[in-house]
Amino acid sequence: LVPADADAILEVPNVAFAVPEMTSSVTLRRGNVDYQTTANGTVPQFTTAKSWKIAKGEFINQNDMETYAPVAVLGQTVVKTLFPDGDNPIGQYVLVNKIPFQVIGVMAEMGATSCRNDQDDVVLVPLSTGSIRLFGQRNIRTITVQVKDGSAIDITQQTIQALLDQRHKRQDTQITNM
(Lines give C-alpha, C1' and ligand atoms only; values in the text may rest on other atoms or scores of the structure.)
Protein backbone atom coordinates (compact mmCIF):
# COMPACT_ATOMS: atom_id res chain seq x y z
CA LEU A 1 0.00 0.00 0.00
CA VAL A 2 1.09 3.55 -0.74
CA PRO A 3 -0.51 6.89 0.25
CA ALA A 4 -1.89 7.26 -3.31
CA ASP A 5 -4.00 4.14 -2.69
CA ALA A 6 -5.79 6.03 0.11
CA ASP A 7 -6.37 8.96 -2.25
CA ALA A 8 -7.87 6.58 -4.82
CA ILE A 9 -10.12 4.95 -2.20
CA LEU A 10 -11.46 8.42 -1.30
CA GLU A 11 -12.97 8.55 -4.80
CA VAL A 12 -15.06 5.40 -4.19
CA PRO A 13 -18.76 6.20 -3.65
CA ASN A 14 -19.84 5.92 0.02
CA VAL A 15 -16.30 6.49 1.39
CA ALA A 16 -16.15 9.31 3.97
CA PHE A 17 -12.50 8.91 4.98
CA ALA A 18 -9.48 6.88 3.86
CA VAL A 19 -6.66 7.37 6.36
CA PRO A 20 -3.23 5.91 5.51
CA GLU A 21 -1.05 4.79 8.43
CA MET A 22 2.38 3.29 8.97
CA THR A 23 3.62 2.03 12.30
CA SER A 24 6.89 0.98 13.85
CA SER A 25 8.33 0.27 17.26
CA VAL A 26 10.34 3.26 18.53
CA THR A 27 12.22 4.34 21.63
CA LEU A 28 11.14 7.62 23.18
CA ARG A 29 13.39 9.57 25.52
CA ARG A 30 12.73 12.49 27.81
CA GLY A 31 15.44 13.36 30.29
CA ASN A 32 16.75 10.07 31.66
CA VAL A 33 13.59 8.08 30.86
CA ASP A 34 13.63 5.74 27.86
CA TYR A 35 10.36 4.16 26.79
CA GLN A 36 9.56 1.66 24.02
CA THR A 37 6.25 2.31 22.24
CA THR A 38 4.65 2.41 18.80
CA ALA A 39 4.97 5.36 16.43
CA ASN A 40 2.06 5.83 14.05
CA GLY A 41 2.59 8.01 10.99
CA THR A 42 -0.79 9.33 9.91
CA VAL A 43 -2.74 12.24 8.41
CA PRO A 44 -4.93 15.06 9.79
CA GLN A 45 -8.19 13.10 9.20
CA PHE A 46 -7.07 10.40 11.69
CA THR A 47 -8.99 11.81 14.68
CA THR A 48 -12.26 12.05 12.76
CA ALA A 49 -11.95 8.63 11.12
CA LYS A 50 -11.06 6.96 14.44
CA SER A 51 -13.52 9.04 16.52
CA TRP A 52 -10.64 9.89 18.85
CA LYS A 53 -10.55 13.34 20.41
CA ILE A 54 -7.65 15.58 21.40
CA ALA A 55 -7.40 16.22 25.16
CA LYS A 56 -4.78 19.02 24.99
CA GLY A 57 -3.14 21.04 22.25
CA GLU A 58 -3.80 20.22 18.63
CA PHE A 59 -3.50 17.39 16.15
CA ILE A 60 -1.30 17.12 13.05
CA ASN A 61 -2.44 19.53 10.32
CA GLN A 62 -1.90 19.78 6.57
CA ASN A 63 0.99 22.24 6.97
CA ASP A 64 2.77 19.72 9.24
CA MET A 65 2.37 17.14 6.45
CA GLU A 66 3.63 19.44 3.70
CA THR A 67 6.65 20.71 5.66
CA TYR A 68 7.64 17.32 7.12
CA ALA A 69 7.33 18.90 10.57
CA PRO A 70 8.97 17.03 13.48
CA VAL A 71 5.86 17.24 15.66
CA ALA A 72 4.21 14.59 17.80
CA VAL A 73 0.91 13.90 19.51
CA LEU A 74 1.15 11.60 22.53
CA GLY A 75 -1.22 8.98 23.87
CA GLN A 76 -2.08 9.08 27.59
CA THR A 77 0.11 6.09 28.53
CA VAL A 78 3.13 7.79 26.95
CA VAL A 79 2.35 11.06 28.76
CA LYS A 80 2.10 9.29 32.14
CA THR A 81 5.43 7.53 31.50
CA LEU A 82 7.46 10.46 30.15
CA PHE A 83 5.85 13.20 32.27
CA PRO A 84 5.24 11.43 35.62
CA ASP A 85 5.58 14.72 37.52
CA GLY A 86 2.48 16.10 35.78
CA ASP A 87 4.32 18.65 33.62
CA ASN A 88 2.38 19.90 30.62
CA PRO A 89 3.94 18.13 27.60
CA ILE A 90 2.70 20.70 25.05
CA GLY A 91 5.64 22.58 23.54
CA GLN A 92 8.23 20.25 25.07
CA TYR A 93 10.53 17.98 23.08
CA VAL A 94 10.87 14.21 23.20
CA LEU A 95 13.40 12.15 21.29
CA VAL A 96 11.86 9.59 18.95
CA ASN A 97 14.66 7.20 17.98
CA LYS A 98 17.11 10.01 18.91
CA ILE A 99 15.33 12.59 16.68
CA PRO A 100 13.77 15.57 18.50
CA PHE A 101 10.01 16.00 18.03
CA GLN A 102 8.00 18.83 19.56
CA VAL A 103 4.85 17.71 21.38
CA ILE A 104 1.86 19.61 19.96
CA GLY A 105 -0.97 17.54 21.40
CA VAL A 106 -2.19 14.84 23.74
CA MET A 107 -4.94 12.41 22.77
CA ALA A 108 -7.95 11.72 24.99
CA GLU A 109 -7.82 8.40 26.82
CA MET A 110 -9.09 5.45 24.75
CA GLY A 111 -8.20 2.49 26.97
CA ALA A 112 -7.49 -1.07 25.92
CA THR A 113 -9.05 -2.97 23.03
CA SER A 114 -10.81 -6.30 23.51
CA CYS A 115 -7.41 -7.90 22.73
CA ARG A 116 -5.93 -5.93 25.67
CA ASN A 117 -3.86 -3.68 23.41
CA ASP A 118 -3.33 -0.30 25.07
CA GLN A 119 -4.49 2.21 22.43
CA ASP A 120 -3.02 5.05 24.52
CA ASP A 121 0.51 3.63 24.23
CA VAL A 122 1.35 5.49 21.01
CA VAL A 123 3.08 8.53 19.56
CA LEU A 124 1.40 9.98 16.46
CA VAL A 125 3.48 11.85 13.87
CA PRO A 126 2.78 13.24 10.39
CA LEU A 127 2.87 10.44 7.80
CA SER A 128 5.27 12.44 5.65
CA THR A 129 7.72 13.04 8.52
CA GLY A 130 7.48 9.48 9.80
CA SER A 131 8.05 7.93 6.41
CA ILE A 132 11.28 9.90 5.86
CA ARG A 133 12.71 10.37 9.36
CA LEU A 134 11.53 7.32 11.32
CA PHE A 135 10.39 4.48 9.07
CA GLY A 136 12.68 4.93 6.06
CA GLN A 137 10.05 3.67 3.64
CA ARG A 138 7.19 4.87 1.50
CA ASN A 139 4.86 1.89 1.88
CA ILE A 140 2.08 2.16 4.43
CA ARG A 141 0.74 -0.63 6.60
CA THR A 142 -2.97 0.13 6.71
CA ILE A 143 -5.68 2.40 5.36
CA THR A 144 -8.58 2.97 7.73
CA VAL A 145 -11.77 3.59 5.77
CA GLN A 146 -14.97 5.05 7.17
CA VAL A 147 -18.15 4.75 5.11
CA LYS A 148 -21.02 7.23 4.89
CA ASP A 149 -23.79 4.60 4.82
CA GLY A 150 -23.23 1.41 6.80
CA SER A 151 -26.00 -0.43 4.94
CA ALA A 152 -23.86 -0.26 1.76
CA ILE A 153 -20.63 -1.43 3.42
CA ASP A 154 -20.46 -4.78 1.60
CA ILE A 155 -20.58 -3.27 -1.89
CA THR A 156 -18.16 -0.52 -0.81
CA GLN A 157 -15.73 -3.15 0.49
CA GLN A 158 -15.97 -5.10 -2.79
CA THR A 159 -15.39 -1.91 -4.79
CA ILE A 160 -12.32 -1.01 -2.70
CA GLN A 161 -10.87 -4.54 -3.10
CA ALA A 162 -11.39 -4.41 -6.89
CA LEU A 163 -9.78 -0.94 -7.02
CA LEU A 164 -6.71 -2.10 -5.07
CA ASP A 165 -6.41 -5.27 -7.17
CA GLN A 166 -6.48 -3.13 -10.32
CA ARG A 167 -3.96 -0.60 -8.97
CA HIS A 168 -1.55 -3.33 -7.77
CA LYS A 169 -2.16 -5.62 -10.78
CA ARG A 170 -2.80 -8.53 -8.37
CA GLN A 171 -4.64 -9.30 -5.13
CA ASP A 172 -2.06 -8.48 -2.47
CA THR A 173 -4.23 -6.75 0.12
CA GLN A 174 -6.64 -7.91 2.79
CA ILE A 175 -9.69 -5.99 3.99
CA THR A 176 -10.92 -6.42 7.55
CA ASN A 177 -14.42 -5.16 8.26
CA MET A 178 -14.68 -4.02 11.86
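Up top is the structure.
A. Quick look at the nonpolar core. Ranked by internal contacts, the top residues of the largest apolar core, which has 48 residues, are Ile9, Val123 and Leu134. When sequence neighbours within four positions are dropped, the list of residues in contact with valine 123 reads Val26, Leu28, Thr37, Thr38, Ala39, Asn40, Ala72, Val73 and Leu74.

B. Seen up close, the pairing of strand S1 (residues 15–30). Strand direction decides the pairing type here: S1 and strand S8 (residues 142–147), joined by six bridges, are antiparallel. Along S8, the bridge assignment pairs phenylalanine 17 with glutamine 146. Connecting S1 to the next strand, strand S2 (residues 33–42), in antiparallel fashion are two residues, including glycine 31 with a positive phi near 60°. Pairing between S1 and strand S5 (residues 93–96): two bridges, direction antiparallel. Looking across to S5, one finds that arginine 29 is bridged to leucine 95.

C. Structural context of the pattern of salt bridges. According to the stated counting rule, one finds six salt bridges in the structure shown. Residue aspartate 5 is joined to arginine 167 by a salt bridge in which the shortest nitrogen-to-oxygen separation is 2.5 Å. Note that aspartate 5 is positioned in helix H1 (residues 3–10) and arginine 167 in helix H6 (residues 153–168), a separation of 162 residues in sequence. Under the relative-accessibility criterion, aspartate 5 is labelled buried at 1%. Ionic pairing is found between aspartate 87 and arginine 30, a salt bridge with its closest N-O pair at 3.3 Å. Linking aspartate 87 in the loop between helix H4 (76–82) and S5 with arginine 30 in strand S1, this pair joins segments that are 57 residues apart in sequence.

Cut-off values and rules
- Residues numbered from 1 in each chain as written.
- Predicted model: local features only at pLDDT ≥ 70, side-chain atom pairs only at ≥ 80, totals over all residues.
- Heavy atoms only, no water.
- Core = buried A, V, L, I, M, F, W, Y, C linked by side-chain atoms within 4.5 Å.
- Buried < 20%, exposed > 50% of the residue type's maximum accessible area, 1.4 Å probe, protein only.
- Contact = heavy atoms within 4.5 Å.
- Pairing = 2+ DSSP bridges.
- Helix = DSSP H or I, 4+ residues; strand = E, 2+ residues; numbered from the N terminus.
- Salt bridge = Lys/Arg side-chain N within 4 Å of Asp/Glu carboxyl O.

Distances and angles like these do not, on their own, reveal function.
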